[in-house]
Amino acid sequence: MRHLLKHNRASFLVLFALLLIVLLFFGCATTPPAQQDSFLFSLLPRDSQFYLRFPVQDNMELANSLVTSFSPNLSEKDKQKLLDRIGTIYGSILNDEIYAASTGSFPKFALGFVLKEKNGWQKVPSKNIPITDKYYVAMESGLQLAFPNSSVALAANDVVSMLQSYQNYESSHVHESSASLFFLQQEQDKSECISFYLIDARKLLPSLEGSSFKLSFPFGDGYGYLTPDLRFSHGGVAYQLEAFLSLTDSRALRPAIAALKIASRAIDVPFQVEAYGSDVIRIYDMSFTKEMICELVLKILEE
């Protein structure tokens, strides 16, 4: 995962700078109504290894801290202006590439003003896609941006595929569901949480193993949530991680749980573990402060 995020560091920073300019100076005063999760997730590649949903308005303090980490010189007033204009960010990773869709306010006249060649952007005609006649490419990083309407922004190294998915929805209101939808459908009460889905749950293991303990079990997919932990509200916002890891062989359930309990005692952030059915392990009571989350994100991007 660190390699994937490092590979796209330049794209993240370019996209952040662009959104900052557009939203601060040209955005509307409020975010538009959120679109359905199933629709926005359908714009991401359906074979992605990782999916993320980040509701900015419901996690404002963490979002504020992340913006501060990326742009420490930005004033509190401008940070709030930026965040007030973003609804929810959806993202996925496929073959070392990051795809993102964001709800917000993206007026066309402002985009034309900012996305110019002198600012490092090239306008490219989008053929055979009626919903938009162009998209933009960052000449330095290769990041592509597209705006199918004034409330949705798409970002990827191959944004045309996302535009085609959007066009299919616009023309028929039928779209293919992605693997990420299963956990959203299971947990409708988690809509305010930061949620994620992994095709391979072993990607979570480095966070649970510590430096001298390795877990070798037949894990399948996994999903989970970061939920604000009110028990720590007196010291700032903290988050509880709840994750569900499936096993491809149910016979490994008990030994895997036993190994995870040992691992919990060997790392700095302990957690609880239990069986959740015959072939699923539930990880819970694993707490992260917003500072810990920001530090981890920056560390991953800088390595």
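To keep things clear, this report deals only with the structure shown in the data block.

Definitions and limits used
- Residues numbered from 1 in each chain as written.
- Predicted model: local features only at pLDDT ≥ 70, side-chain atom pairs only at ≥ 80, totals over all residues.
- Heavy atoms only, no water.
- Helix = DSSP H or I, 4+ residues; strand = E, 2+ residues; numbered from the N terminus.
- Buried < 20%, exposed > 50% of the residue type's maximum accessible area, 1.4 Å probe, protein only.
- Contact = heavy atoms within 4.5 Å.
- Areas by Shrake-Rupley, 256 points an atom, 1.4 Å probe, with all protein chains shown as cover.
- Pairing = 2+ DSSP bridges.
- Core = buried A, V, L, I, M, F, W, Y, C linked by side-chain atoms within 4.5 Å.
- Axes fitted to C-alpha atoms, helices over the stretch in contact; angles between N-to-C directions.
- Salt bridge = Lys/Arg side-chain N within 4 Å of Asp/Glu carboxyl O.
- Phe/Tyr/Trp six-rings, centres within 6.5 Å; stacked < 30°, edge-to-face > 60°.
- Lys NZ or Arg CZ within 6 Å of the ring centre and 35° of its normal.

On to the overall build of the chain, then. Counting its secondary structure elements, the chain contains 11 helices and 12 strands. For the chain, buried positions account for 50% of its 303 residues. Considering only contacts in the chain between residues 6 or more positions apart, those separated by 24 or more positions represent 64%. Of the accessible surface of the chain, which amounts to about 15,200 Å², a share of 53% is contributed by carbon and sulfur atoms.

A large share of strand β12 (residues 280-289) lies buried, amounting to eight of its 10 residues. The sheet contact formed by strand β10 (residues 238-247) and β12 spans eight bridges and is antiparallel. Following the sheet pairing, Y239 is matched in β12 by F288. Counted between consecutive antiparallel strands, the loop separating strand β11 (residues 272-275) from β12 contains four residues, among which G277 sits at a positive phi close to 95 degrees.

Here the focus is the nonpolar core. The biggest cluster of nonpolar side chains holds 43 residues, and the ones touching the most others in it are L62, I281 and I283. The next biggest cluster of nonpolar side chains, apart from the first, holds 30 residues, and it includes F39, Y99, Y166 and Y169.

What follows covers the sheet that holds β11. Strand order in the open sheet formed by 12 strands is β4-β5-β6-β7-β3-β2-β1-β8-β9-β10-β12-β11, and the pairing between neighbours is antiparallel. Across the chains shown, the open sheet's two edge strands, defined by having one partner strand only, are β4 (121-125) and β11. The average angle at which neighbouring strand axes cross in this sheet is 15 degrees, direction not considered. In terms of strand pairing, β4 meets strand β5 (residues 134-138) through five bridges, oriented antiparallel. Within β5, the position partnered with W121 by the bridge is A138.

On to the environment of M286, then. Counting through the fold element by element, M286 comes out in strand β12. Looking at M286, the relative accessible area reads 2%, which means it is buried. Counting along the chain gives 46 residues from M286 to Q240, while the straight-line C-alpha distance between them is 5.5 Å.

Okay, the pattern of salt bridges next. This structure, assessed with the given rule, holds four salt bridges. In this structure, the salt-bridge partner of E242 is R282, at a minimum N-O distance of 2.9 Å. You can see E242 sitting in strand β10 and its partner R282 sitting in strand β12, a full 40 residues away along the chain. Here E242 matches R282 in class, with each residue buried.

Looking now at the packing of aromatic side chains. Geometrically, a pair of aromatic rings is defined through the distance of the ring centres and the angle of the planes. What the rule picks out here adds up to eight aromatic pairs. Relative to Y51, the ring of F41 lies with its centre 6.0 Å away and its plane at 70 degrees, an arrangement referred to as edge-to-face. Of this pair, F41 sits in helix α3 (residues 37-42) while Y51 sits in strand β1 (residues 50-55), placing them 10 residues apart in sequence. Overall, the relative accessible area of 0% leaves Y51 in the buried class. Judged by centre distance (5.3 Å) and plane angle (85 degrees), the ring pair of F41 and Y90 falls under edge-to-face. One end of the pair, F41, is in helix α3; the other, Y90, is in strand β2 (residues 86-94), and 49 residues separate them in sequence. Judged by its relative accessible area of 0%, F41 falls in the buried class. On the basis of relative accessibility, which here comes to 1%, the residue Y90 falls in the buried class. Among the aromatic side chains, those forming a connected cluster through ring pairs are F41, Y51, Y90 and Y197. Against the face of Y284 rests R282, its NZ or CZ located 4.0 Å from the ring centre.

Here we come to unusual backbone geometry. Trans is the prevailing form of peptide bonds, just as negative phi is the prevailing case for residues other than glycine. One non-glycine residue, D285, adopts positive backbone phi at about 55 degrees. Mapping D285 onto the fold places it in strand β12.

Turning our attention to the pairing of β1. Counted residue by residue, β1 has five buried out of six residues, so it is predominantly covered. Sheet topology places β1 next to β2; six bridges connect them, and they run antiparallel. Of the residues in β2, the one forming a bridge with R53 is Y90. Bridging between β1 and strand β8 (residues 194-198) involves four bridges; their strand directions are antiparallel. What sits directly across from L52, in β8, is F196.

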